[in-house]
Each structure stands twice: as C-alpha cells, then as structure tokens.
Amino acid sequence: MKKRSKIIISLITLSIMALSFVGCAKTEEEIVKTDISFVAPNGVPSTAISKMIKENIQVDKKYNINYSIENTADTLAASVMKGEPDIAIVPSNLAAQAYNKGLGYKLVGTTGFGALYLISTEGEIDIESLSGKEVYNIGNGLTPDIVFKALLKELNINDVTYSYVGGATELAPAILGGKAKYAVVPEPALTTILSKNQDIKVIGSLNDIWKEKFNSENGFPQASLIIKEDLISNDNKFVKELLKEVESSINWVNENKKDAATFSVDNGSQVDVNILEKSIENSNITFVPSQDNKEDYINYFKILEAENAKSIGEKVPDEEFFYEG
C-alpha cells in the first residue's frame, strides 16, 4: 500500500513538473521580439564591430538585432536620410545632417577617429610642399575631401588642384599606375597600396595633422554611432548595454587583430585578410562616449561649417544632439 502511494505521489509530482515546463515554454514562445536594425559601412567601421556581427551578439531577449553592412557611402547615406536604421555607424557629418533634418537620431559615441593618410609617389615631402600640386581624393564633398580642404585652408595653401575618384577601389589603381602622384588614402586601402609598392611614402596622418593644427586631443571623429531617440527614451537600459558591447568589440578588435580581420572577411569584406590585419594598427578604431568627446565634435562641426555648411546640414547641432547616458 505504501509502495502504491509513493508511486501515485511520484506520478503526481512528475505531472506537475511537466505542466510547469510546458508553461515555461509557452511563456518563452509568447515573448514577441522587436526587430532592430544596426547598419555599418563596409571598411573600418564594420571592422570595429566585426565580433558583434560575426557572433550575432544580442543584448536583450526583448530585441532581435539585425546587423547589415552597406557597401557604398551613397547607399548608407540614402538609408540614414530616410530614417531607416535604428542604429548606425556613419560619417560624423552625416550624423549631423540627419539630426538637423529632424530624423530623430542622437549621437551616442565615436567608434573611430581619422584613418586618412596623405601619400606621395614622388619621395618624402611635407604637406606644405603640396602647393601647386594635383592631389587625388575620394568623392567631392565627402569626409576625406572636407577634412583635407580644411587642413589646407588652415595652412594657407590655396592653389592645390583636386581630382576625384568614386572610391578607394579606384584610388589604388590610379596611384599604383602612376596617374596620381599625391593622394588622400583611407585604411585599409593605404596598407594595400604600400604592400604593392614600398617606394610610396606616407606624408602624414591627417588625424595627427588635425590634432596639431586645431589643438584637438583625439583628432577628428570620423565614424560616429547614432541611435534613434525613440529607442533611447523607451529602453535606455538596452542602449547602455549595447554601448558596453560596442566598446567590448572595439577593444577585442585592437587586441585580436588577426581574428578581427578573419571575422571581417567572413562578414563580407573583399580585402585580403592579411592586409586587413595590418591595417587595423593605423585605423584609429577607438570607442569614446559622446559625453566625453563633445568638445571635439563641436569644434569639428564648426570647422566643417566654415568649409562647407551643407556637409553638416547647414548648422552645428545643438546640445540635444549628444546622448548623455
């Protein structure tokens, strides 16, 4: 009798446990995840979060972050100026444009400072010696062009001839083929070019020259992380956790260059993995929260406004642009 009672009690207990598990499973199924889009341009910005993309890092079970990489500056700009992505890494001037247009984005941090370099096929010279020369660059009115022109203006060099190509993939052949003797080159194109012709000289880092000429601690913030205001106001805890993941990814990239290069190729980069690994050293991939870097941004935007006000949406963004955490 006692044995039978024990069996009955055991069966009842198992039934209760089974029902509990079913209930738990049902609860998990009932959680409706909100899709969030996180867009980064191909190149240094997507390398900065290569670990997050490769491992599909999800910050909170309430959300499903969909990572994507835009291959051209034009498609990235078009998407952001339509207010499509919830989260994006963009050129800093594009972040200002989106804010000034009222698209509801806030600047939450920098993921990379200037990764632009001035090179010469004509031996070692300094930037002041570019007077009267033809310099090739990427895209009239884009960040490399605006930054370079602002530096030349500060140096009182006003007789440089500017020639433009559509992107870094067009810039490299122009330099290696002898068509371009002087050029502003981004990473990882710089490392690619130097690996094929070691006689090409680096005149200098535009970021280092910027630090010197404009008394800037970090240089110019080239890549910025923006997030929709609605997402920040609805779930600031999620945003804080996301920023921790972004910073963690960037730290990992700088400490694990070879793996980061492999991840970037796995994520869709067309650059050779060995070139990518070497280029990270000069890519200035760094995370700085917006509240810690506000002065650099304001000064940068003021310089861009003087050079080309349209590039930032006609005016320097106000204090509301910056996420305070």
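Caption draft 1: The arrangement of the packing of helix H7 (residues 168–176) against helix H8 (residues 189–196) in detail. Contact pair H7 / H8: the axes reach a minimum separation of 10 Å and the direction vectors enclose 25 degrees. Considering the angle they form, H7 stands roughly parallel to H8. You can see that H7 and H8 cross each other, and the crossing is right-handed. Contacts between H7 and H8 involve Ala168, Ala172, Ile175 and Leu176 from the first element and Ala189, Ile193 and Lys196 from the second. Looking at the contact of H7 with H8 residue by residue, the classes come out as six nonpolar, no polar and one charged.

Caption draft 2: Layout of the side chain of Ser269. Turning to its location among the elements, Ser269 is positioned in the loop between helix H12 (257–266) and helix H13 (273–279). Residue Ser269 is classed as buried on the basis of its relative accessible area of 14%. Of the polar contacts made by the side chain of Ser269, one reaches the backbone nitrogen of Val271; its length is 3.2 Å. Once you skip the residues sitting within four places of it in the chain, Ser269 turns out to touch Asn42, Ser264 and Leu276.

Caption draft 3: Up close: the packing of aromatic side chains. Applying the stated criterion across every chain, the model contains 14 aromatic pairs. Where Phe220 meets Tyr300, the ring centres are 6.0 Å apart and the plane angle is 20 degrees; that geometry is what we call stacked. With a gap of 80 residues between them, Phe220 in the loop between helix H9 (206–214) and strand E10 (221–228) and Tyr300 in helix H14 (residues 294–308) connect regions that are remote in the sequence. Between the aromatic rings of Phe321 and Phe322, the centroid separation amounts to 5.3 Å while the plane-to-plane angle is 65 degrees, which identifies the pairing as edge-to-face. You'll find Phe321 and Phe322 in the same group, each marked buried.

Caption draft 4: Structural view of the pattern of salt bridges. Under the defined criterion, the tally for this structure stands at twelve salt bridges. Notably, a salt bridge pairs Asp60 with Lys62, separated by 3.0 Å at the nearest N-O pair. Lys62 sits in the partly exposed class, given a relative accessible area of 39%. In the salt-bridge network here, residues are joined through shared partners; they are Asp60, Lys62 and Asp235.

Caption draft 5: Representation of the sheet that holds strand E4 (residues 105–113) within the structure. An order of E2-E1-E3-E10-E4-E11 is seen for the six strands of this open sheet, with the pairing classed as mixed. The sheet terminates laterally at strand E2 (63–70) and strand E11 (285–289), the two strands that pair on one side only. Each strand axis lies, on average, 25 degrees off the axis of its neighbour in the sheet, ignoring direction. Strand direction decides the pairing type here: strand E1 (residues 34–41) and E2, joined by eight bridges, are parallel. The residue of E2 that forms the bridge with Ser37 is Asn66. Across the face of the sheet, helix H4 (residues 73–81) comes into contact with E1, E2, strand E3 (87–91), E4 and E10 while running at roughly 130 degrees to E3.

Caption draft 6: Just unusual backbone geometry, in detail. A cis amide bond links Glu187 with the next residue in sequence, Pro188, at an omega value of 5 degrees. Relative to the assigned elements, Pro188 resides in the loop between strand E8 (182–186) and H8. Residues other than glycine seldom take positive phi values, yet Asn56 does so here, at roughly 50 degrees. With respect to the helices and strands, the residue Asn56 is situated in the loop between helix H3 (50–54) and E2. Within the chain, Asn284 stands out as a residue other than glycine whose phi angle is a positive 55 degrees. Inspection of the secondary structure assignment puts Asn284 in the loop between H13 and E11.

Caption draft 7: View of the nonpolar core. Core analysis: the biggest nonpolar cluster contains 43 residues, and Val80, Leu118, Leu130 and Leu206 have the highest contact counts within it. At six residues, helix H6 (residues 143–154) tops the list of elements feeding residues into this core. If we skip the residues at most four places from it in the chain, Leu130 touches Leu118, Ile125, Val135, Phe148, Val160, Tyr182 and Ile203. Counting 34 residues, the second-largest nonpolar core is a separate cluster that includes Ala48, Ile65, Ile87 and Ile250.

Caption draft 8: Just the environment of Ala115, in detail. By the secondary structure assignment, Ala115 is in the loop between E4 and strand E5 (116–120). Among the residues examined, Ala115 registers a relative accessible area of 5% and is labelled buried. Separated by 29 residues in the primary sequence, Ala115 and Pro144 have C-alpha atoms spaced 9.4 Å apart.

Caption draft 9: Just the side chain of Ser46, in detail. Structurally, Ser46 is set in helix H2 (residues 44–48). Residue Ser46 is classed as buried on the basis of its relative accessible area of 6%.

Caption draft 10: Region of the structure containing the environment of Asn64. Assignment of secondary structure puts Asn64 in strand E2. The exposure class assigned to Asn64 is partly exposed, which follows from its relative accessible area of 25%. Along the primary structure Asn64 and Thr34 are separated by 30 residues, whereas in three dimensions their C-alpha atoms are 5.9 Å apart. Separated by 3.0 Å, the side chains of Asn64 and Asp35 make a polar contact. Of note is the side chain of Asn64, whose polar atom sits 3.3 Å from the side chain of Asn66.

About the thresholds
Here the residue numbers are simple positions, counted from 1 along each chain's written sequence. Local features in this predicted model are restricted to residues of pLDDT 70 or higher, and side-chain atom pairs are both shown and tallied only at a pLDDT of 80 or more, whereas totals for entire chains, interfaces and linings draw on every residue. Excluded from the side-chain calculations are hydrogens and water; all other atoms, namely the structure's heavy atoms, are used. To get an axis, a line is fitted to the C-alpha atoms, and for a helix only the part in contact is used. The angle between two axes follows their N-to-C directions and goes from 0 to 180 degrees. To qualify as a helix, a DSSP run of H or I must reach at least 4 residues; to qualify as a strand, a run of E must reach at least 2; elements of each kind are numbered from the N terminus. Angle categories are assigned with fixed cut-offs, so that under 35 degrees is roughly parallel, over 145 is roughly antiparallel, 65 to 115 is roughly perpendicular, and the rest are oblique. Left-handed describes a crossing whose near helix is turned anticlockwise from the far helix through less than a right angle; right-handed describes the clockwise counterpart. Should any heavy atoms of two residues lie within 4.5 Å, those residues are counted as being in contact. Each residue receives one of three labels: charged for Asp, Glu, Lys and Arg, nonpolar for Ala, Val, Leu, Ile, Met, Phe, Trp, Tyr, Cys and Pro, and polar for the others, Gly being one of them. Each residue is placed in one exposure class: buried if its accessible area under a 1.4 Å probe, protein chains only, is under 20% of its type's maximum, exposed if it is over 50%, and partly exposed if it falls in between. Any pair of nitrogen or oxygen atoms within 3.5 Å is treated as a polar contact; in protein, a donor-acceptor pairing is required on top of that, and neighbouring residues in sequence qualify only through side-chain atoms on both sides. Side-chain rings of Phe, Tyr and Trp (the six-membered ring for Trp) are treated as a pair once their centres are within 6.5 Å; stacked means planes under 30 degrees apart, edge-to-face means over 60, and tilted covers the remaining angles. When a carboxyl oxygen of Asp or Glu is within 4 Å of a side-chain nitrogen of Lys or Arg, the pair counts as a salt bridge. Pairing between two strands requires that DSSP report at least two bridges joining them. Residues grouped as a nonpolar core are buried Ala, Val, Leu, Ile, Met, Phe, Trp, Tyr and Cys residues, joined through side-chain atoms within 4.5 Å.

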